[in-house]
Amino acid sequence: MPLHGLLGKAATTVVTGAVGAAAYDLARKAVAKSSPRDTAVVLTSWGLRGTRRAEAAAENARLAVADVVAEAKGRIGEEVTPPGTADAGHSHEH
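Being a predicted model, the structure only gives us computed values, none of them experimental. (Residues numbered from 1 in each chain as written. Predicted model: local features only at pLDDT ≥ 70, side-chain atom pairs only at ≥ 80, totals over all residues. Heavy atoms only, no water.)

## With respect to the overall build of the chain
Point 1. Tallying secondary structure elements over the chain gives two helices and zero strands in all.
Point 2. Split into buried and exposed, the 94 residues of the chain put 1% on the buried side. (Helix = DSSP H or I, 4+ residues; strand = E, 2+ residues; numbered from the N terminus. Buried < 20%, exposed > 50% of the residue type's maximum accessible area, 1.4 Å probe, protein only.)

This is the structure in structure tokens:
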């Protein structure tokens, strides 16, 4: 049985390596065909897309945590502040 697990891990490693090598070859060919400016634009657009996805994921996580905290406060009887209202902790104006 341990041999089966080892072969499974080895197979996934080989597949991952093959996909990585193919992606590297495609990227190398694309860079060779285009100008450095085009390459920079493409890489920057990928970075921006990744950043936007990360920001969206972080916002979803923040909202999920806020929802859990609000429900927990409600269960113990604390007053839950409505969404979008910030409590600065003091009563004077800025």
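## Quick notes on the pattern of salt bridges
Point 1. In total, this model carries three salt bridges according to the counting rule given.
Point 2. For E59, the salt bridge goes to R62, with nearest N and O atoms at 2.7 Å. In this pair, E59 and R62 both sit in helix α2 (residues 36–76), three residues apart, roughly one turn of the helix. (Salt bridge = Lys/Arg side-chain N within 4 Å of Asp/Glu carboxyl O.)

## A few points about the environment of K73
Point 1. Relative to the elements of secondary structure, K73 occurs in helix α2.
Point 2. Residue K73 is classed as partly exposed on the basis of its relative accessible area, which comes to 32%.
Point 3. Discounting chain neighbours no more than four positions away, the residues touching K73 are E78 and V80. (Contact = heavy atoms within 4.5 Å.)

## Notes on a nonpolar patch on the surface
Point 1. Among the surface-exposed residues, V42, L43 and W46 lie close enough to one another that they form a single nonpolar patch of about 310 Å² accessible area.
Point 2. With respect to the helices and strands, L43 occurs in helix α2. (Patch = residues over 30% accessible without salt bridge, like charges linked within 9 Å, V, L, I, M, F, W, Y side chains within 5 Å. Areas by Shrake-Rupley, 256 points an atom, 1.4 Å probe, with all protein chains shown as cover.)

## A closer look at α2
Each α-helix winds once per 3.6 residues, and so residues spaced three or four apart point in a common direction.
Point 1. In this model, α2 (41 residues) spans 60 Å end to end at C-alpha, consistent with the 60 Å of a helix rising 1.5 Å per residue.
Point 2. The positive-phi residue at the C-terminal boundary of α2 is G77, with phi of around 95°. (Expected span 1.5 Å × (residues − 1).)

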